[in-house]
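One-letter residues, chain by chain:
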Amino acid sequence: MHELGIVFQVMDSLQAVAEENHLTQIHSVTLQVGEVSTVIPDYLTDCWRWAVQKREPPLLGCEMKTEVLPAVSWCQDCAQEYGTVAHGRICPYCGSEKTWLLRGNELNIKEIEAI
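Conventions adopted
- Residues numbered from 1 in each chain as written.
- Predicted model: local features only at pLDDT ≥ 70, side-chain atom pairs only at ≥ 80, totals over all residues.
- Heavy atoms only, no water.
- Pairing = 2+ DSSP bridges.
- Helix = DSSP H or I, 4+ residues; strand = E, 2+ residues; numbered from the N terminus.
- Axes fitted to C-alpha atoms, helices over the stretch in contact; angles between N-to-C directions.
- Contact = heavy atoms within 4.5 Å.
- Expected span 1.5 Å × (residues − 1).
- Buried < 20%, exposed > 50% of the residue type's maximum accessible area, 1.4 Å probe, protein only.
- Arc of directions from axis to C-beta.
- Patch = residues over 30% accessible without salt bridge, like charges linked within 9 Å, V, L, I, M, F, W, Y side chains within 5 Å.
- Areas by Shrake-Rupley, 256 points an atom, 1.4 Å probe, with all protein chains shown as cover.
- Salt bridge = Lys/Arg side-chain N within 4 Å of Asp/Glu carboxyl O.
- Polar contact = N/O pair within 3.5 Å; in protein donor to acceptor, adjacent residues only side chain to side chain.

Participant: Just to check I follow, could you spell out the sheet that holds strand E3 (residues 72-75) for this structure?
Facilitator: The strands making up a sheet associate through hydrogen bonds between their backbones, and the pairing can be parallel or antiparallel. The sheet built from three strands is open, its strands ordered E4-E3-E5 with antiparallel pairing. Edge positions in the sheet fall to strand E4 (81-83) and strand E5 (99-103), since each has one partner strand and no second. Shown here is a sheet whose adjacent strand axes are inclined to one another by a mean of 40 degrees, direction ignored. As defined by bridge partners, E3 adjoins E5 across four bridges and the pair is classed as antiparallel. In the sheet register, Ser73 faces E5, and the bridge partner there is Leu101.

Structure representation (structure tokens):
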């Protein structure tokens, strides 16, 4: 389960942001998780809830929110974008296999709410 490692990396980043900006409390963090990123949002949330209990301020009690970013592929032959999960590597418009993933494998910190 690599979600726990991701949680610790996010917490380290938040701690650095808090120190740099002299923040006393971080109320929430919003993560964007790509649909095909191999990160399972429910596991990420469970790991977060466990890990945040063990932290000192400014992270103690911090809430984590997740947004799933849809996976989108692009076809080189017909220059169309399409939903990767629904169609895989085969373009639904022209049947080509000359496709690649444009987005949907990201994991980003989108927003930090703090005082």
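Participant: Help me out: how do you make sense of the sheet that holds strand E1 (residues 26-34) in this one?
Facilitator: Pairing is mixed in the open sheet, where three strands are placed in the order E2-E1-E6. The two strands at the open ends of the sheet, each matched to only one other strand, are strand E2 (63-69) and strand E6 (107-114). The average angle at which neighbouring strand axes cross in this sheet is 20 degrees, direction not considered. Sheet topology note: the E1/E6 ladder contains seven bridges and is antiparallel. Looking at the pairing, Val29 lines up with Ile112 of E6. Its contacts with the sheet place helix H1 (residues 3-21) against E1 and E6, and it is angled at close to 45 degrees to E6. The strands touched by helix H2 (residues 41-52) within the sheet are E1 and E2, with E2 carrying the most contacts at an inclination of about 170 degrees.

Participant: Looking at this model, I keep getting lost on H1. Mind explaining?
Facilitator: In an α-helix, one full turn covers 3.6 residues, which means residues spaced three or four apart are oriented alike. The terminal C-alpha atoms of H1 lie 27 Å apart, and with 19 residues this matches the ideal 27 Å at 1.5 Å per residue to within 8%. Taken together, the buried positions of H1 are occupied by Glu3, Ile6, Val7, Val10, Met11, Leu14 and Ala18. Looking down the long axis of H1, one finds its buried residues gathered within 135 degrees of arc, a one-sided arrangement. The exposed residues of H1 that point more than 90 degrees off its buried face are Gln9, Glu19 and Glu20. Looking at the buried side of H1, the elements it contacts are E1, H2 and E6.

Participant: What is the right way to look at a nonpolar patch on the surface in this model?
Facilitator: On the surface, a nonpolar cluster with roughly 220 Å² of combined accessible area is contributed by Val36, Val85 and Leu101. As for its position among the elements, Val36 is in the loop between E1 and H2. Classification of Val36 by relative accessible area gives partly exposed; the value is 34%.

Participant: Just to check I follow, could you spell out the side chain of Ser96 for this structure?
Facilitator: Relative to the helices and strands, Ser96 is located in the loop between helix H3 (84-87) and E5. Within the structure, the side chain of Ser96 is placed 2.7 Å from the side chain of Asp77, a separation counted as a polar contact.

Participant: Is there a simple way to think about the pattern of salt bridges in this case?
Facilitator: Pairing of side chains with opposite charge becomes possible as their charged atoms draw close. One pass over the full model with this rule turns up two salt bridges. Glu67 is paired through a salt bridge with Lys110; the nearest N and O atoms lie 3.0 Å apart. Of this pair, Glu67 sits in strand E2 while Lys110 sits in strand E6, and the two are 43 residues apart along the sequence. Overall, Lys110 belongs to the partly exposed group, its relative accessible area being 48%. Linking Arg103 and Glu81 is a salt bridge whose minimum nitrogen-to-oxygen distance equals 3.2 Å. Separated by 22 residues along the polypeptide, Arg103 in strand E5 and Glu81 in strand E4 bring together distant segments of the chain. We classify Arg103 as partly exposed; its relative accessible area is 36%.

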